[in-house]
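Overview (structure and organization)
One letter stands for each residue in the lines below.
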Amino acid sequence: MSKDVIRLTIPDVSDFAKQLRNALTDAPSHVEMLNHVARAAGYRNFQHLRSQNPPTPEIDHKRIARAARYFDSRGRWESWPTRRGVRELCLWVIWARLPAREHWSERQISALIDEHCSFHDAAQIRRSLIEMKLLTRNRDGSDYARVETPMDPHGAALLSVLAERQKAQEKPQIA
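First things first, this report covers the structure right here in the doc. (Residues numbered from 1 in each chain as written. Predicted model: local features only at pLDDT ≥ 70, side-chain atom pairs only at ≥ 80, totals over all residues. Heavy atoms only, no water.)

Turning our attention to the overall build of the protein chain. Of regular secondary structure, the protein chain possesses eight helices and three strands. Here the C-alpha radius of gyration of the protein chain, 23 Å, is well above what a compact globule of 175 residues would show, namely 16 Å. Each principal axis of the C-alpha atoms in the protein chain carries an extent, and together these give about 70 × 55 × 30 Å. Total accessible area computed for the protein chain in this model is approximately 12,200 Å², and 49% of it derives from carbon and sulfur atoms. Counting 28 positive and 22 negative side-chain charges, the protein chain places the averaged centre of each group 1 Å from the other. (Helix = DSSP H or I, 4+ residues; strand = E, 2+ residues; numbered from the N terminus. Rg over C-alpha atoms; globule rule 2.2 N^0.38 Å. Areas by Shrake-Rupley, 256 points an atom, 1.4 Å probe, with all protein chains shown as cover. Lys, Arg positive; Asp, Glu negative; His and termini not counted. Charge placed at Lys NZ, Arg CZ, Asp CG, Glu CD.)

Attention now moves to the packing of helix H5 (residues 84–97) against helix H8 (residues 153–170). Interaxial distance between H5 and H8 falls to 9 Å at its minimum, and their mutual angle equals 75°. The angle between the axes of H5 and H8 places the two elements in the roughly perpendicular class. Residues Leu-89, Cys-90, Trp-92, Val-93, Ala-96 and Arg-97 of H5 form the contact with H8, whose participating residues are His-154, Gly-155, Leu-158, Leu-159 and Leu-162. A class-by-class count of the residues in the contact of H5 with H8 yields eight nonpolar, two polar and one charged. (Axes fitted to C-alpha atoms, helices over the stretch in contact; angles between N-to-C directions. Parallel < 35°, antiparallel > 145°, perpendicular 65-115°, else oblique. Contact = heavy atoms within 4.5 Å. Nonpolar A, V, L, I, M, F, W, Y, C, P; charged D, E, K, R; others polar.)

Trp-77, Ile-109, Ile-125, Leu-129 and Leu-158 are the most contacted members of the largest nonpolar core, which has 28 residues in total. Broken down by secondary-structure element, the contributors of at least two residues to this core are helix H4 (61–68), H5, helix H6 (106–115), helix H7 (122–131) and H8. Every residue in contact with Trp-77, bar those within four places of it in the chain, is listed here: Tyr-70, Phe-71, Arg-87, Cys-90, Leu-91, Ile-94, His-116, Cys-117, Ser-118, Phe-119 and Ile-125. Of all hydrophobic cores here, the second largest spans eight residues; its members include Val-13, Ala-38, Phe-46 and Leu-49. (Core = buried A, V, L, I, M, F, W, Y, C linked by side-chain atoms within 4.5 Å. Buried < 20%, exposed > 50% of the residue type's maximum accessible area, 1.4 Å probe, protein only.)

Now for the pattern of salt bridges. Overall, the coordinates contain three salt bridges when judged by the stated rule. Of the charged contacts, one joins Arg-126 and Glu-106 as a salt bridge, the two residues approaching to 3.4 Å between their closest N and O atoms. Of this pair, Arg-126 sits in helix H7 while Glu-106 sits in helix H6; the two residues are 20 residues apart in sequence, bridging distant segments of the chain. (Salt bridge = Lys/Arg side-chain N within 4 Å of Asp/Glu carboxyl O.)

What follows concerns unusual backbone geometry. With the exception of glycine, most residues fall at negative phi, and the peptide bonds are largely trans. Here the phi dihedral of Arg-101 falls at roughly 55°; this positive angle occurs in a residue that is not glycine. Position of Arg-101 relative to the elements: it lies in the loop between H5 and strand E1 (103–104).

You can see Ser-128 is positioned in helix H7. Owing to a relative accessible area of 6%, Ser-128 belongs among the buried residues under this scheme. Excluding anything up to four places from it in sequence, Ser-128 contacts Trp-80 and Leu-91.

Written out as structure tokens, the structure is:
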């Protein structure tokens, strides 16, 4: 008899281990159970499993769509959102479009920001990027630099939606 390959996807391994432990009569502790599950899956322990399979956050597509409404078909930011969460998503897009590992004067960074915005409020955007710790500046404001950090998954999803929208806009229309 051949072995059938049955794939098992467990959305929450901790909850799975708790339920399995409760089903056993002489059950180990929760942490020991997590380690047993990880070893059964071919990992050294639970920490090793987690490091090889980092949890991915669920993307809130409604939030992404809400933020995408603030951008035109070319991907330019059109207006300042009143909701902080939406505004921060929009700021991630601007951050992603700034060249990495470069330094700019205040005028240069303002010009870069204005290339990606229709409403031309570079000062507000600069301040917000600094508040989010995505941009640094000297005390006198003479030197700005993008902070290299992993991109927020929702910001990456918004950037992807805007790129798809821009590609659709650039495709020639068939008559």
